[in-house]
Amino acid sequence: VATPANRRRDPSHRSTSTCTMYSAAHLPERRRVSTSLVLNVLLGLAIGAMLYRGAAATLASPVRTMSRVATPAMAGAGAMSRFSMAGRRDSARSVSPRVMTQEAAQATSAGAIVDDGTMTLTRFMIEEAMRSRTPGQEDMVRLISTISVACKRIASMVQTAGISGSTGLAEGGGSVNVQGEEQKKLDVISNDVLKASLRSSGKLGVIASEEEDDPVIVDELYSGEYVATFDPLDGSSNIDAAISTGTIFGIFKAPEECIVGDGDKLSIAEQDCLKSTLQPGKNLVASGYCMYSSSTILMITTGNGLNGFTLDPTIGEFILTHPNVQIPKRGKIYSMNEANYFDWDPKLQTYIDNLKKGEGQSGTKYSSRYIGSMVGDVHRTLLYGGIFAYPGDAKNPNGKLRLLYEGAPMSLIFEQAGGKSITGPGQRVLDLEPEKVHQRCPVFIGSPDDVDEVSAALA
């Protein structure tokens, strides 16, 4: 047996021992490593071959069908049903733009266009015009398009008002409109934006605005056969507090195309053209409002139902989110300025007291919600139901809302959504014949059962 001492004394013994130990212990382990390496290489080659065959089979097989994608022929009837009333997707009918049928995939490879189901405002208006085939629908496409552009610009200015210094009174204060209300900076800017956009449509002859003392006649170069009335920025007193504001508009058909000369004096025909703004709301061919809040929402009607569009800031387009809006038959909210309670008609006071106590026709206690911006209050009422009102009182017998560009357009919107709008017992707002551009009228607007109840209470 070799001891440590012997190894030091006998180098030959050390060499012999080392060779013996290597041949006995290390050689089998080396063989095992080589065998394992060969097996791993073979296994890798086999797996690679299997993967290659699978990929080749996948490329050669047809595309699997999982869901259908709307085609242009389906867009007319199907696109409207893909959204719920409040703008949520209907899971049973939703369509994923990432899943295509075999036919759609083949069409795509051939260079055809596949419809992903997105319904923009422009597309909606074009398809409406194609389906209706009635005179004037193509004009509506241009008019609504120019209004939507103006709304986008106003929405941008409202969102950045505090940064750009656009808050506060116009001209540092002292600028007053025809109603005796001090004008905000954005009142004036929004009015100019809307006038410029509507003029560029080439379809308008007269424009009437809350911020203008008299109707504005569009010059002959851009003149058309429609009349537009609007409140460019409703609720502008709330701008400094960043509360909801909005634009309200209505479009009438003029008796004939308005063409105005360059002279200072108006001819009889030109005076008649200006009078075309004084039409009852039932003559409106379109109306709507755009609300500037946590999102920008455009609600429009052309007399064939009410539809709502939400501005997608990532693509700069209004997208259909509220198709065929219908107001609930009755709500649980009333919206009025109760600071005027003691100036109201005693019958109206009793009606409100009954709502608060749950002693109305529904037997339910109502909640009070009032923003002070008509667009914001009306939009909530439209979606949740209930009643919004600005009645006449001891200080303002005719209320404070203007008939032509607030009361009438909103009334058409609500009636198209299944609601009602009255100015008193049995008197529709849309039947009122205006005598002047800035005429005011009381308004009770909302769910049909709620409006019927207040009408009976005031009779």
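Residues numbered from 1 in each chain as written. Predicted model: local features only at pLDDT ≥ 70, side-chain atom pairs only at ≥ 80, totals over all residues. Heavy atoms only, no water.

Colleague: So what exactly am I meant to see when it comes to helix H13 (residues 448-458) here?
Modeller: Along an α-helix, residues three or four apart share an orientation, since each turn contains 3.6 residues. Where H13 is concerned, the buried positions are Pro448, Asp450, Val451, Glu453, Val454, Ser455 and Leu458. Packing partners of the buried residues in H13 comprise helix H10 (346-357), strand E11 (387-390), strand E12 (420-424) and strand E14 (443-446). (Buried < 20%, exposed > 50% of the residue type's maximum accessible area, 1.4 Å probe, protein only. Helix = DSSP H or I, 4+ residues; strand = E, 2+ residues; numbered from the N terminus. Contact = heavy atoms within 4.5 Å.)

Colleague: Is there a simple way to explain empty space enclosed by the protein in this structure?
Modeller: Here the idea is plain: a probe the size of a water molecule rolls over the atoms and shows the empty space left. Summed over all chains, the structure comprises 2 cavities of 30 Å³ or more. Estimates place the volume of the largest cavity at around 70 Å³. In this structure, the largest cavity is lined by Phe124, Met125, Glu128, Ile300, Thr301, Thr302, Gly303, Asn304, Gly305 and Asn307. Only helix H5 (121-132) and strand E6 (296-301) provide two or more residues apiece to the lining of the largest cavity. A total of 3 residues in the lining of the largest cavity trace back to one element, the largest contributor, which is H5. In this structure, the second largest cavity spans a volume of roughly 40 Å³. (1 Å grid on protein atoms, 1.4 Å probe; cavity = no way out; pocket = protein on both sides within 12 Å on 5 of 7 lines; lining within 4 Å. Points joined across faces, edges and corners; volume = space filled by probe spheres on them.)

Colleague: Would you explain the pairing of strand E5 (residues 284-292) in this entry?
Modeller: A regular strand places its side chains on the two faces of the sheet in alternate fashion. Burial runs high along E5: 8 of the 9 residues are buried. The pairing of strand E4 (residues 245-253) with E5 spans 8 bridges and is antiparallel. Its bridge partner lying in E5, phenylalanine 249 is registered against glycine 288. Pairing geometry for E5 and E6, over 6 bridges, is antiparallel. Residue serine 287 lies in a different strand from E6, and its bridge partner there is threonine 301. Here E5 hands over to E6 after 3 residues, the two strands then running antiparallel side by side. (Pairing = 2+ DSSP bridges.)

Colleague: Please explain the sheet that holds E14 as it appears in this structure.
Modeller: What holds strands together in a sheet is hydrogen bonding between their backbones, with the strands either parallel or antiparallel. If you walk across this open sheet you meet the 6 strands as E10-E9-E11-E14-E12-E13, and the pairing is mixed. Each having just a single partner strand, strand E10 (367-368) and strand E13 (427-428) make up the two edges of the open sheet. Judged from the 4 bridges that link them, E11 and E14 form a sheet pairing that is antiparallel. Looking at the pairing, isoleucine 387 lines up with glycine 446 of E14.

Colleague: Honestly, the packing of helix H11 (residues 374-384) against helix H12 (residues 403-416) in this entry has me stumped. Any pointers?
Modeller: Working note: a packed helix pair is described by the angle between its axes plus the distance between those axes. Remark: H11 packs on H12, axes separated minimally by 12 Å, with the N-to-C direction vectors making an angle of 15 degrees. Classified by the interaxial angle, the pair formed by H11 and H12 is roughly parallel. Two packed elements cross with a definite hand, and for H11 against H12 that hand is right-handed. Mapping the contact onto sequence places Met374, Val375, Val378, Thr381 and Leu382 in H11 and Glu406, Met410, Ile413 and Phe414 in H12. Residue classes in the contact of H11 with H12 are distributed as 7 nonpolar, 1 polar and 1 charged. (Axes fitted to C-alpha atoms, helices over the stretch in contact; angles between N-to-C directions. Parallel < 35°, antiparallel > 145°, perpendicular 65-115°, else oblique. Left-handed = near helix turned anticlockwise from the far one by under 90°. Nonpolar A, V, L, I, M, F, W, Y, C, P; charged D, E, K, R; others polar.)

Colleague: Even after reading the chapter, I still don't get the pattern of salt bridges, so can you show me in this structure?
Modeller: Pairing between side chains becomes possible if they bear opposite charge and their charged atoms approach one another. Counted by the stated rule, this structure contains 15 salt bridges. One salt bridge connects aspartate 452 with lysine 420, and the closest N-O pair in it is separated by 2.9 Å. With aspartate 452 in helix H13 and lysine 420 in strand E12, this pair connects stretches of sequence that are 32 residues apart. Taken together, the shared-partner salt bridges in this structure form one network comprising Arg123, Glu127, Glu128 and Arg131. (Salt bridge = Lys/Arg side-chain N within 4 Å of Asp/Glu carboxyl O.)

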